[in-house]
Amino acid sequence: TMPSDSERLDTVFRRAVELINQKPAAGTKAAKVDNRTKLTFYALFKTATEGNRPKTAKQPSRLDVLNYYKYIAWGKCDGMSKETAKHKYIKWCKKTMPPTTTWAELEKTIKEQSYTVRMD
């Protein structure tokens, strides 16, 4: 049986997460990713895996800079479905990954799953 659209989306999403978190190959540098992009990945991942930030979530102190900005970033995804967050995460991967073997691996998974990257 053919995998459903949501199964294909999950497969591509999981692959994208693996590739984004992969350590660079020996002798190569990790791609430079600015903090705003890292926060976007964080927020989309949290939304894709846990849903919207709970209304009861306590806002961290501004002195706890990293967690404060993570909290704000996750809140910006409010109202977004898990499915949409997965699509956006994949799109961000394609947008920010340098065209290396890692990028080619994501493209291969996308083709294997007959997944269409949504550009909305």
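Above this note sits the structure.
Everything numeric here is computed off the predicted structure, so don't read it as measured data.

Which parts of the structure should I look at to understand the pattern of salt bridges?
Scanning the entire structure with this criterion turns up 8 salt bridges. We note a salt bridge from Arg8 to Asp5, for which the minimum N-O separation is 2.6 Å. Of this pair, Arg8 and Asp5 are both found in helix H1 (residues 5-21), 3 residues apart, which corresponds to roughly one turn of the helix. With its nearest N and O atoms 2.5 Å apart, the salt bridge here joins Asp10 to Lys86. Pair noted here: Asp10 is in helix H1 and Lys86 is in helix H4 (residues 82-96), with a separation of 76 residues, a long-range link. By sharing partners, the salt bridges in this structure join Arg15, Glu18 and Glu105 into a single network.

I'm lost on the nonpolar core in this one. Help?
Within soluble globular proteins, side chains that are nonpolar generally end up buried alongside one another. Tyr89, Ile90, Cys93, Leu106, Ile110 and Tyr115 are the most contacted members of the largest nonpolar core, which has 23 residues in total. Elements with a minimum of two residues in this core: H1, helix H2 (35-50), H4 and helix H5 (101-112). In terms of residue count, H1 provides more of this core than any other element does, 6 residues in total.

Which parts of the structure should I look at to understand the environment of Leu9?
As for its placement among the helices and strands, Leu9 is situated in helix H1. As a C-alpha pair, Leu9 and Ser114 span 105 residues in sequence and 9.6 Å in three-dimensional space. In this structure Leu9 touches Glu83, Lys86, His87, Ile90 and Tyr115, once residues within four positions along its chain are discounted.

Teacher, can you tell me more about the packing of H2 against helix H3 (residues 65-75) here?
Packed helices, taken two at a time, are described by the angle their axes make and the gap between the axes. One can describe the packing of H2 onto H3 by two numbers: an axis separation of 8 Å at closest approach and a directional angle of 60°. In terms of orientation, H2 and H3 fall into the oblique class. Handedness of the crossing formed by H2 with H3: right-handed. When H2 is examined against H3, the residues Leu39, Tyr42, Ala43, Lys46, Thr47 and Glu50 are found in contact with a partner set consisting of Tyr69, Lys70, Ala73 and Trp74.

Would you mind showing me how to read the packing of H1 against H4 here?
Running from N to C, H1 and H4 point in directions that differ by 45°, and their axes come no closer than 9 Å. By the angle between their axes, H1 is oblique relative to H4. For the element pair H1 and H4, the recorded crossing hand is left-handed. Residues Leu9, Asp10, Val12, Phe13, Ala16, Val17 and Ile20 of H1 form the contact with H4, whose own contacting residues are Glu83, Lys86, His87, Tyr89, Ile90 and Cys93.

Sorry, what's going on with unusual backbone geometry here?
Of note in the backbone geometry, Ser114 takes a positive phi value of approximately 50° without being a glycine. Take Ser114: it is sitting in the segment after H5.

Calculation notes
Think of each chain on its own: its residues are numbered from 1, step by step along the sequence as written. Side-chain atom pairs in this predicted model are given and counted only at pLDDT of 80 or more, local residue features only at pLDDT of at least 70, and totals for whole chains, interfaces and linings cover all residues. To get the side-chain values, all heavy atoms of the structure are used, and hydrogens and water are removed first. When a carboxyl oxygen of Asp or Glu is within 4 Å of a side-chain nitrogen of Lys or Arg, the pair counts as a salt bridge. Numbered from the N terminus, helices here are DSSP runs of H or I no shorter than four residues, and strands are runs of E no shorter than two. Throughout this description, the term nonpolar core refers to a set of buried Ala, Val, Leu, Ile, Met, Phe, Trp, Tyr and Cys residues connected via side-chain atoms within 4.5 Å. The rule is simple: take the accessible area with a 1.4 Å probe, protein chains only, and divide by the maximum for that residue type; under 20% is buried, over 50% is exposed, in between is partly exposed. Two residues qualify as a contact provided that any one of their heavy atoms is within 4.5 Å of a heavy atom in the partner residue. Axis angles are defined between N-to-C directions and span 0 to 180 degrees, where every axis is a line fitted to C-alpha atoms and, for a helix, only to the segment in contact. Under this scheme an angle from 65 to 115 degrees is roughly perpendicular, one under 35 degrees roughly parallel, and one over 145 degrees roughly antiparallel; angles in between are oblique. Crossing chirality is assigned from the near helix's rotation relative to the far helix, an anticlockwise turn below a right angle marking it left-handed and a clockwise turn marking it right-handed.

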